[in-house]
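Architecture and fold: a report
Each chain, written out:
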Amino acid sequence: MAMLTGVIPSPKGFCSEEHVCWVSPSLFYGAYWEPAQTFCDYAKKGLDLEISLTASADGDGEGIHLITDTSCAEGEYKLTAGDDGKILLRAAGREGIRYGLATLLQMAKNAQGKLQVSVGTVWDRPDTVYRGLMMDCARSRHALPLLLEYIDLCWLYKVKYLQLHFSDDEAYTLPSRVFPEATSPERCYTYEEIEQLRAYARSRDVQIIPEIDAPGHATYLQKKYPQVFGEKGIICFHEETIEAMQSLYRELCGLFPESQYIHIGGDEGRLGWWMDCDACIRYGRSLGYKEENEAPGGIPGREYVMLQYLGHFITKMAQAVLECGRKPIVWEGFSKYVNDMIPKEVTVMAWDGSFQTAQSLIQSGFSIINCSWIPNYIVTPTWYYSTRECYNWDVYSFGSISEQSSYYGTTTRIGATNAVLGGQLNVWGDTVGKAFPTLEDGLADEQRKVRARLPYIMENTWNRDKQRSFDRVQEAAEAADALCGRILGK
């Protein structure tokens, strides 16, 4: 099989006639005006090529034709370029059309005002339903234009989901009518910016996953509303506070009506502080969570109570999201001893293995997303992994830097299963604003690291099995990044 050396992720199939054709810069969009307009925008920036748009898409006339083909599976596309001056892109719907256009953009060159592409047929479809990128907007503010650039990256590399970590101890960056004083001055996105973000993502078929992290990572909320959320460094555990947090997640669903997933956090809470709060203990006892109750696995009763508090908290937040018709996601942060408490509609991002392993989550009936710390974490400027390590990873492999993790010091690979929905590159902003002369310098360095690694993570998330050698993937990644640089103007 011939290889498309400049395309990443690697397509499943390419049948080539070993020569090129030149195609008129005309696009017949049919039912796909918005994806077509997006492609033309990127072709202008990336190839310096002006492409005209025409409504018809019946296959007549030289140029690119976007054709609905219901025989294709979801996300599948078939892209054929012939000597007759036509490029036919077939897919069942917008998702497949989007992926096919991203492949075409990477294949094409500007040859004196025409598209030059290899003659042949590309067939492709994703192996996974989840391919994500996460950006930390709470610890280091990413202005709206920068977030739009990350949506551009998502489009080019066929990333389906962009998770935005909007809250942490440092800031709460969402506008709120429920708790208006919670928003961080000069760091909060306006309602207008949220609308622009949604519109840009929607036009490029990238789904935003908004996140409010709780009950840990929430001291900013507590500083603003201690009478509601408590003062102990973890969101208090009693009925009024749970209702307040549920109202924030309902508001989040309203802010992002297109979002399929809503992220409710759930990791790294200092659970012991709950046991120093009389109101928390009273509420827990009213639910039947008592230290004198028998605990599983021989763990102390006090510890089991804390784990139950967290399980109850996650369950209540998940219920609020589910009632809004959305899918809740949490970080792996709860114990296997409370797995039965949490609805299996909750998807878990498995990242560390210190709280419980991917195998344990799957055995309990959860679907998971591989966010393995190694190599899927970037903490600019010091913590990141080589492109070779990113290439060696796959969606069934886990590694961690934590000595408490069962993954520590080795790579743990679980068996192939559809319970692993895919994978995600996670970019944290802990030190971006501290380690550089200016925040802008730090954000530029962060983006360079993302651009270098995202192609490899998506190569191994789109494809469950390796399609090409490291050298071939590196060649494709370098060509795609040059195109990316032209699109971003960087």
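Scroll up to find the structure.
As a starting point, this report considers the structure included with it. (Residues numbered from 1 in each chain as written. Predicted model: local features only at pLDDT ≥ 70, side-chain atom pairs only at ≥ 80, totals over all residues. Heavy atoms only, no water.)

1. A closer look at unusual backbone geometry
Following Ile8, the chain continues to Pro9 via a peptide bond in cis, the omega torsion being 0 degrees. Here the amide bond leading from Thr380 into Pro381 is cis, since omega sits at 10 degrees, within 30 degrees of zero. Considering the arrangement of structural elements, one finds Pro381 in the loop between strand E16 (377-379) and helix H12 (387-392). Phi angles above zero are rare outside glycine, and Lys158 is one such case at about 60 degrees. (Helix = DSSP H or I, 4+ residues; strand = E, 2+ residues; numbered from the N terminus.)

2. Some points on the packing of helix H3 (residues 144-156) against helix H13 (residues 439-462)
Two numbers describe how H3 lies on H13: the axes approach to 12 Å, and their chain directions differ by 10 degrees. Comparing their axes, H13 and H3 come out roughly parallel. Across the interface between the two elements, Leu146, Glu149, Tyr150 and Leu153 from H3 touch Leu443, Glu446, Gln447, Val450, Arg451 and Leu454 from H13. In terms of residue class, the contact of H3 with H13 is made up of six nonpolar, one polar and three charged. (Axes fitted to C-alpha atoms, helices over the stretch in contact; angles between N-to-C directions. Parallel < 35°, antiparallel > 145°, perpendicular 65-115°, else oblique. Contact = heavy atoms within 4.5 Å. Nonpolar A, V, L, I, M, F, W, Y, C, P; charged D, E, K, R; others polar.)

3. Some points on the side chain of His263
You can see His263 is positioned in strand E12 (residues 261-265). A polar atom in the side chain of His263 sits 3.0 Å from the backbone nitrogen of Gly265. (Polar contact = N/O pair within 3.5 Å; in protein donor to acceptor, adjacent residues only side chain to side chain.)

4. A few points about the environment of Phe256
By secondary structure assignment, the location of Phe256 is in the loop between helix H7 (239-255) and E12. On a C-alpha basis, the gap between Phe256 and Gln207 in space is 9.7 Å, while along the polypeptide they are 49 residues apart. Setting aside anything within four residues of it in sequence, one finds Phe256 in contact with Phe166, Leu174, Ile194, Leu197, Arg198, Ile208, Pro210 and Arg326.

5. What to know about a negative patch on the surface
The grouping of Glu17, Glu62, Asp83 and Asp84 at the surface amounts to a negative patch. Of the residues examined, Glu62 reaches a relative accessible area of 41% and is grouped as partly exposed. (Patch = residues over 30% accessible without salt bridge, like charges linked within 9 Å, V, L, I, M, F, W, Y side chains within 5 Å. Areas by Shrake-Rupley, 256 points an atom, 1.4 Å probe, with all protein chains shown as cover. Salt bridge = Lys/Arg side-chain N within 4 Å of Asp/Glu carboxyl O. Lys, Arg positive; Asp, Glu negative; His and termini not counted. Charge placed at Lys NZ, Arg CZ, Asp CG, Glu CD. Buried < 20%, exposed > 50% of the residue type's maximum accessible area, 1.4 Å probe, protein only.)

6. Topic: the layout of surface pockets
Its boundaries defined by the atoms lining it, the largest pocket holds a volume of some 420 Å³. Of all the secondary-structure elements, those providing two or more residues to the lining of the largest pocket are strand E1 (13-23), helix H2 (94-107), strand E8 (114-124) and helix H14 (470-488). In terms of residue class, the lining of the largest pocket is built from 14 nonpolar, six polar and three charged. (1 Å grid on protein atoms, 1.4 Å probe; cavity = no way out; pocket = protein on both sides within 12 Å on 5 of 7 lines; lining within 4 Å. Points joined across faces, edges and corners; volume = space filled by probe spheres on them.)

7. Here we look at the packing of aromatic side chains
Across all of its chains, the model carries 26 aromatic pairs by this definition. Consider the rings of Phe237 and Tyr309, whose centres lie 4.2 Å apart with planes at 15 degrees: the pair is stacked. A residue pair is termed long-range when its members are at least 10 positions apart, and Phe237 in the loop between helix H6 (226-229) and H7 and Tyr309 in helix H9 (residues 301-323) qualify at 72 residues. The class of Phe237 is buried, set by a relative accessible area of 0%. Taken together, the aromatic side chains of Trp331, Trp351, Phe355, Trp373, Tyr377, Trp383 and Trp428 make up a single cluster linked through ring pairs. A cation over a ring is seen here: Arg141 above Tyr189, with NZ or CZ 4.6 Å from the ring centre. The ring of Tyr384 carries Lys449 above its face, with NZ or CZ at 4.7 Å from the centroid. (Phe/Tyr/Trp six-rings, centres within 6.5 Å; stacked < 30°, edge-to-face > 60°. Lys NZ or Arg CZ within 6 Å of the ring centre and 35° of its normal.)

8. Quick look at the pattern of salt bridges
Per the counting criterion, the structure on display carries 26 salt bridges. When the shortest N-O distance is used, the salt bridge between Asp124 and Lys12 registers 3.7 Å. Linking Asp124 in strand E8 with Lys12 in the segment before E1, this pair joins segments that are 112 residues apart in sequence. Pair check on accessibility: Asp124 and Lys12 agree, each one buried.

9. Here's the deal with the side chain of Asp168
Along the chain, Asp168 turns up in the loop between strand E10 (161-165) and helix H4 (191-203). A polar contact is formed between the side chain of Asp168 and the side chain of His217, at a distance of 2.9 Å. In contact with Asp168, not counting residues within four places along its chain, are Ala138, Arg139, His217 and Tyr220.

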